[in-house]
Amino acid sequence: SEESMSVYTLPDLPYDYGQLEPHLIGKIVELHHDKHHAAYVSGANTTLEKLHDARTKEDFGTINQLEKSLAFHISGHKLHSILWTNMSPDGGGEPTGAVKSQIETDFGGFAAMQKQFNAATTGVQGSGWGVLSWEPVGSKLIVQQVYDHQGEHAQGAVPIMVCDIWEHAFYLQYENRKAEWVAAFWKLINWDDVNRRLTEARK
Ligand code: FE
C-alpha cells in the first residue's frame, strides 16, 4: 500500500562535505547529514509504518510515543533539509532583497533581529534550534527558540532560516563554545535561499 512506501527521503547536500570550511569542518557536515539527518528520515518512515500497523491491528497502546516520534522525526527532517540549503560556501554578509526589508519592518533592522536570534539560539537549554519563521496570520517574521525539533514551535509558522544548536552540529569543532558556532553560521548564511523561502512562504 501507499503507506508502506518510504515517504521521506534524504536530500543530497548542495556542496561537498569540506566546502564549508573553515567555518564548519567537513567531518561535522558528513556525520550530521549522513548519520543524524538520515536517522530522522528513517525514523519518520518507520513511525508511519508503525502507525499503519497500529491501525491495522487496532492496537493503540503506544500511540503517545508514536505521535511524539512522528512530530520529532518529521520536524527533524524538515529543519535539516532547510539547514543544508541555508548554508553556502559563498554565504555570509548582510541580508538582501525582500528578506532585508521584511527584517527591517518586523525587527527595526538586521542587527536587532540578529541579536535576538543569537540569544534565542545560544540560550537553548539542551537540544534545539534558533529559527527565523514567516508567521502567516500576523504576516510577519518571528524568531523562534525550538526545543528538540518541534517544541515551542508556533503552529503554522514557516521556518526560512534555521541554526542547529544540538551538540552534534558543532561540538567536534567548537566544543562548548555555542556562540562561536552561531557566529560561523552567519559566515555561511545563504541569503538567496532565505529570500527564496520567504517568497514561497508569503504566497
Ligand atoms: Fe542536527
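Here goes a summary of the coordinates provided. As the structure is a prediction and not an experimental result, all values here were calculated from the model.

Before going further, it helps to spend a moment on the coordination of the iron ion. Binding of the iron ion to the protein goes through His32 (NE2), His80 (NE2), Asp164 (OD) and His168 (NE2), at separations of 1.9 to 2.1 Å. The site at the iron ion holds four donor atoms, and with the angles between them running 89 to 141°, its shape is irregular. All donors of the iron ion come from a single chain, and their spacing in sequence reads H-x47-H-x83-D-x3-H. Of the two residues, His32 is situated in helix H1 (residues 26-57) and Asp164 in strand S3 (residues 158-164); the sequence distance between them amounts to 132 residues.

Take the pairing of S3 next. Buried residues dominate S3, accounting for six of its seven residues. Judged from the six bridges that link them, strand S1 (residues 128-135) and S3 form a sheet pairing that is antiparallel. Bridging across to S3, Gly130 finds its partner in Cys163.

Here we come to helix H4 (residues 110-122). Given a rise of 1.5 Å per residue, 13 residues ought to cover 18 Å, and the 18 Å separating the end C-alpha atoms of H4 matches this to within 8%. Those residues of H4 not exposed but buried are Phe110, Met113, Phe117, Ala120 and Thr121. All buried residues of H4 lie within an arc of 105° about the axis, which places them on one face of the element.

The subject of this paragraph is the packing of helix H2 (residues 63-86) against helix H7 (residues 191-202). Contact geometry for H2 and H7: axes closest at 8 Å, N-to-C directions at 135°. Looking at the two axes, H2 sits oblique to H7. Residues Ser81, Ile82, Thr85 and Asn86 of H2 lie in contact with H7, whose contacting residues are Asp193, Val194, Arg196 and Arg197. Looking at the contact of H2 with H7, its residues break down into two nonpolar, three polar and three charged.

Within the secondary structure, Gln102 is located in helix H3 (residues 97-107). Those residues in contact with Gln102, other than ones at most four positions away along the chain, are Trp134, Ser139, Lys140, Leu141, Leu198 and Arg202.

Attention shifts here to the pairing of S1. In terms of residue burial, S1 counts as a mostly covered element, since eight of its eight residues are buried. Both S1 and strand S2 (residues 140-147) contribute to a ladder of eight bridges, which runs antiparallel. Note on S2: the bridge partner recorded for Trp134 is Leu141. Between S1 and the antiparallel strand that follows it, S2, lie four residues; Ser139 among them carries a positive phi value of about 50°.

About the criteria used
Residues numbered from 1 in each chain as written. Predicted model: local features only at pLDDT ≥ 70, side-chain atom pairs only at ≥ 80, totals over all residues. Heavy atoms only, no water. Donors = N, O, S within 2.8 Å, 3.2 Å for Na, K, Ca; no water. Tetrahedral: all angles 85-135°; square planar, octahedral: opposite > 155°, others 65-115°. Helix = DSSP H or I, 4+ residues; strand = E, 2+ residues; numbered from the N terminus. Buried < 20%, exposed > 50% of the residue type's maximum accessible area, 1.4 Å probe, protein only. Pairing = 2+ DSSP bridges. Expected span 1.5 Å × (residues − 1). Arc of directions from axis to C-beta. Axes fitted to C-alpha atoms, helices over the stretch in contact; angles between N-to-C directions. Parallel < 35°, antiparallel > 145°, perpendicular 65-115°, else oblique. Contact = heavy atoms within 4.5 Å. Nonpolar A, V, L, I, M, F, W, Y, C, P; charged D, E, K, R; others polar.

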